[in-house]
Amino acid sequence: MRNIIIDCDPGHDDVLAIMTAFANRDRFNILGITTVAGNQTLEKVTNNILKVQDHLGFAYPVSMGYDSPICKPLDVQPAAHGEMGLDGPEIADAVSKPSGKHAIEFIKECLEKVDKLTMVCIGPLTNMGLFLKTYPQLKNKIEEIVIMGGSYNLGNVRVKAEFNIYHDPEAARIVFNSALPMTMAGLEVCYSGAINFDEIDRLNEKNGKATKLAKEILEFYKGWAEKRGWTQTAIFDMTTIIYLLHPEYFDLKMMNVDVELSGVYTQGMTVCEEISSYSRINNPVKVLMAVKDRFAFLNVFYEALNKLDQECK
Ligand code: RIB
Ligand code: CA
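Structural notes, computed from the coordinates. Position numbers for residues count from 1 along each chain, tracking the sequence in the order it is written. Labels are handed out in written order, letters beginning with A for the chains and numbers beginning with 1 for the ligands. Thresholds applied to this predicted model are a pLDDT of at least 70 for local features of residues and 80 or more for the giving and counting of side-chain atom pairs; totals over whole chains, interfaces and linings are not thresholded and use all residues. As a convention, hydrogens and water are excluded, and side-chain values are obtained from all of the structure's heavy atoms.

## Side note on the coordination of the calcium ion (ligand 2)
Thought 1: Ligating atoms shown are N, O and S within 2.8 Å of the metal, or 3.2 Å for Na, K and Ca, and water is not included, meaning a site may look less than complete. Coordination of the calcium ion (ligand 2) by the protein comes from Asp9 (OD), Asp14 (OD), Asp14 (OD), Ile122 (O) and Asp237 (OD), over a distance range of 2.2 to 2.6 Å.
Thought 2: The sequence motif formed by the donor residues of the calcium ion (ligand 2) is D-x4-D-x107-I-x114-D. In this pair, the class of aspartate 9 matches that of aspartate 14, namely buried. Partly exposed residues are those whose accessible area sits between 20% and 50% of the maximum for their type, while under 20% is buried and over 50% is exposed, using a 1.4 Å probe and protein chains only.

Rendered as structure tokens:
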């Protein structure tokens, strides 16, 4: 069993990633969830994961982190996730409450209790970066940091920058320069595992609560891609969970990666360099390049929904 903490900004794809983790509790010891401002304000993203847990019957501790990036102003994304951050599904508002602990205090307490844990970071890296700055003495108990973020060459929020990194590049630079084992699920690998719109249509909401919620989430989330004339949407954050379950599903490459902090077109860019004897960057990162088999990849998602449909009545 791998001890994990999921640091997130739910977010449509965050929720689907977390649901996939919930369905695989036999593989993950989920210590808790920490939230960070990104897709929407800290309050909204926290409420979103609380109400999803209430709806599905889960109650992992949820601890709120930072409400804005280290240096830049907050830059929420209503165009992709709506005004509330999880627009689309009609589920009851949250009854449960956050833990009352700050996210970095929660991470600290978990690290003091376990031998090792994996941080799964699927939002801006503000919490992770500031945890590393605040409690450096605990960092070596982190066995791996797996992020959805960055890219080998593409951009979504800017021509060469992916949202999670662009939102807080200073925090991202701290994480990439931590010398901890790191795995990066960037835009390219997420796009290679995208779900087609007709595959979304084939999700049968009558199968159960989880499939119904996932379909409503994807019906809204596909809008960002649809506006661009695409016929499929990546479920970005879910890539991290499927990597942890099936690393063999991915083509990957060790590369040196660092983060550009400035530049009209390049702020938030993850600069990926081939590793050689004359490398200029010294941050070896496992970069997921592509999903080998899109059907096998998505089947993990479908199986997770089937499991949750049986469990969550
Ligand atoms: O660029 C995709 C990332 O930005 C995902 O984590 C999504 O949730 C948004 O936060
Ligand atoms: Ca996210």
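## A short note on the pattern of salt bridges
Thought 1: Throughout this description, the term salt bridge denotes a Lys or Arg side-chain nitrogen within 4 Å of a carboxyl oxygen of Asp or Glu. Inspection of the entire model under this criterion finds 12 salt bridges.
Thought 2: Here glutamate 311 makes a salt bridge to arginine 25, at a shortest N to O gap of 3.0 Å. Remark: arginine 25 occurs in the loop between helix H1 (12-23) and strand E2 (28-35) and glutamate 311 occurs in helix H12 (residues 294-311); sequence separation between them is 286 residues.
Thought 3: Between glutamate 112 and lysine 108 there is a salt bridge, and its shortest N-O distance comes to 2.9 Å. One end of the pair, glutamate 112, and the other, lysine 108, are both in helix H4 (residues 103-113), four residues apart, so they sit about a helical turn from each other. Note on conventions: DSSP H or I runs of at least 4 residues are helices, E runs of at least 2 residues are strands, and numbering of each starts at the N terminus.

## Description of the pairing of strand E4 (residues 117-121)
Thought 1: For E4, the buried fraction is high: five of the five residues fall into the buried class.
Thought 2: Burial of E4 is two-sided: the residues Leu117, Met119 and Cys121 facing one way and the residues Thr118 and Val120 facing the other way are all buried.
Thought 3: Two elements, strand E1 (residues 2-8) and E4, share four bridges in a ladder whose sense is parallel. Along E4, the bridge assignment pairs isoleucine 6 with valine 120.
Thought 4: A pair of strands counts as paired when DSSP detects no fewer than two bridges linking them. Here five bridges tie E4 to strand E5 (residues 142-148), and the two strands are oriented parallel to one another. Pairing of threonine 118 across the sheet is with glutamate 144, part of E5.

## Focus on helix H2 (residues 42-56)
Thought 1: In a regular helix each residue adds 1.5 Å, so 15 residues correspond to 21 Å; H2 covers 21 Å between its end C-alpha atoms and thus fits that length.
Thought 2: We call two residues contacting when some pair of their heavy atoms lies within 4.5 Å. Those residues of H2 hidden inside the fold are in contact with H1, E2, strand E3 (62-64) and helix H10 (209-226). Helix span, as expected, comes to 1.5 Å for every residue beyond the first.

## Remarks on the site of ligand 1
Thought 1: Here a residue is considered near a molecule or strand provided that any single heavy atom belonging to it is located within 4 Å of it. Not every one of the 13 residues close to ligand 1 is listed here, only the nearest: Asp13, Asn156, Glu162, Asn164 and Asp237.
Thought 2: Counted as a polar contact is a pair of N or O atoms within 3.5 Å, where, for protein atoms, one must be capable of donating a hydrogen and the other of accepting one, and residues adjacent in sequence contribute only when both atoms are in side chains. Within the side chain of aspartate 13, one N or O atom sits 2.6 Å away from an oxygen atom of ligand 1.
Thought 3: Exposure was quantified through the Shrake-Rupley algorithm and a 1.4 Å probe, taking into account, for residues, occlusion by the shown protein chains and nothing else. Protein contact buries 97% of the 280 Å² of open area that ligand 1 shows by itself.
Thought 4: Elements with a minimum of two residues in the shell around ligand 1: H1 and helix H6 (163-167).
Thought 5: When residues are sorted by character, Ala, Val, Leu, Ile, Met, Phe, Trp, Tyr, Cys and Pro go into the nonpolar class, Asp, Glu, Lys and Arg into the charged class, and all the rest, Gly among them, into the polar class. Taken together, the residues that form the shell around ligand 1 break down as four nonpolar, four polar and five charged.

## What about the pairing of E2?
Thought 1: The buried fraction of E2 is high, at seven of eight residues.
Thought 2: Bridge count between E1 and E2: seven bridges; the pairing is parallel. Among the inter-strand pairings, aspartate 7 is bridged to a residue of E2, identified as threonine 34.
Thought 3: In this structure, E2 lies alongside E3, joined through three bridges in parallel fashion.

## Considering the sheet that holds strand E6 (residues 182-185)
Thought 1: Strand order in this open sheet of nine strands is E3-E2-E1-E4-E5-E6-E11-E9-E10, and the pairing throughout is mixed. Looking along the sheet, the strands with just one partner apiece sit at the ends: E3 and strand E10 (270-274). Across the sheet, the mean angle separating the axes of adjacent strands is 30 degrees when strand polarity is ignored.
Thought 2: Axes here mean lines fitted to C-alpha atoms, for a helix over just the part in contact, with angles spanning 0 to 180 degrees between N-to-C directions. Packing against the sheet, H1 makes contact with E1 and E2, and its axis sits at approximately 155 degrees to E2.

## Things to note about the packing of H4 against helix H5 (residues 126-134)
Thought 1: Between H4 and H5, the least distance of the axes is 9 Å, while the angle of their chain directions is 60 degrees. It follows from the interaxial angle that H4 and H5 lie oblique. Here the hand of the crossing between H4 and H5 comes out right-handed. Contacts between H4 and H5 pair Ala103, Ile104, Ile107, Lys108 and Leu111 from the former with Asn127, Leu130, Phe131 and Thr134 from the latter.
Thought 2: Counted by class, the contact of H4 with H5 contains six nonpolar, two polar and one charged residues. To sort the angles, those under 35 degrees are grouped as roughly parallel, those over 145 as roughly antiparallel, those from 65 to 115 as roughly perpendicular, and the leftovers as oblique. Each crossing is labelled by how the near helix is turned from the far one, with a counterclockwise turn of less than a right angle marking it left-handed and a clockwise turn marking it right-handed.

## Let's talk about the packing of aromatic side chains
Thought 1: Under the pairing criterion, centres of Phe, Tyr and Trp rings, with the six-membered ring standing for Trp, must be within 6.5 Å; the plane angle then separates stacked pairs below 30 degrees from edge-to-face pairs above 60, leaving the rest tilted. Per the counting criterion, the structure on display carries 10 aromatic pairs.
Thought 2: Considering the side-chain rings of phenylalanine 58 and tyrosine 60, the 6.3 Å spacing of their centres and the 15 degrees angle between planes classify their relative orientation as stacked.
Thought 3: Relative to phenylalanine 297, the ring of phenylalanine 250 lies with its centre 6.1 Å away and its plane at 85 degrees, an arrangement referred to as edge-to-face. Linking phenylalanine 250 in strand E9 (residues 250-259) with phenylalanine 297 in helix H12, this pair joins segments that are 47 residues apart in sequence. We note that phenylalanine 250, like phenylalanine 297, is buried.

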